[in-house]
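Overview (structure and organization)
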Amino acid sequence: MMFLSRSKRNWLAENLESSSSALSYGFQDLFGLSPMRYLKVRRLHAVRQHLKASEPESFSIAILASKFWFCNSGVA
């Protein structure tokens, strides 16, 4: 799943024939989260499920993080 940037959020809102603010309010009402936070929680859940289902020797944390669009920009 991909990070939902402002332009992607606007694209999604347009394709749903909605405004970006209506999309944000809808997510807040339905899930109690912003669209970006909702997707981050979904990605974290997917990583957790993958970790639980895999043998420790069969994957790299760095590859798994990259697969789910978690990256370290080098900022502490």
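These notes cover the structure that comes with them. (Residues numbered from 1 in each chain as written. Predicted model: local features only at pLDDT ≥ 70, side-chain atom pairs only at ≥ 80, totals over all residues. Heavy atoms only, no water.)

**Focus on unusual backbone geometry**
One non-glycine residue with positive phi stands out, namely Glu-17, at about 55°. Positionally, Glu-17 belongs in the loop between α1 (6-15) and α2 (20-31). Residue classification places Glu-17 among the exposed residues on the basis of a relative accessible area of 77%. (Helix = DSSP H or I, 4+ residues; strand = E, 2+ residues; numbered from the N terminus. Buried < 20%, exposed > 50% of the residue type's maximum accessible area, 1.4 Å probe, protein only.)

**Observations regarding the packing of α1 against α2**
Their axes nearest at 8 Å, the elements α1 and α2 cross at an angle of 90°. With respect to each other, α1 and α2 are oriented roughly perpendicular. Packed against α1, whose contacting residues are Arg-9, Asn-10, Leu-12 and Ala-13, the element α2 presents Ser-20, Leu-23 and Ser-24 at the interface. Among the residues forming the contact of α1 with α2, the class breakdown is three nonpolar, three polar and one charged. (Axes fitted to C-alpha atoms, helices over the stretch in contact; angles between N-to-C directions. Parallel < 35°, antiparallel > 145°, perpendicular 65-115°, else oblique. Contact = heavy atoms within 4.5 Å. Nonpolar A, V, L, I, M, F, W, Y, C, P; charged D, E, K, R; others polar.)

**Details of the packing of aromatic side chains**
For the structure shown, the criterion picks out three aromatic pairs. Aromatic side chains Phe-27 and Phe-31 sit 5.5 Å apart centroid to centroid with 45° between the ring planes, which places their arrangement in the tilted category. Of this pair, Phe-27 and Phe-31 both sit in helix α2, four residues apart, which is roughly one turn of the helix. A relative accessible area of 16% places Phe-27 in the buried class. We classify Phe-31 as partly exposed; its relative accessible area is 39%. Between Phe-27 and Tyr-38, the aromatic rings sit 5.4 Å apart at their centres with planes inclined by 65°, giving edge-to-face as the arrangement. Here Phe-27 is found in helix α2, whereas its partner Tyr-38 is found in helix α3 (residues 35-53), with eleven residues between them in sequence. (Phe/Tyr/Trp six-rings, centres within 6.5 Å; stacked < 30°, edge-to-face > 60°.)

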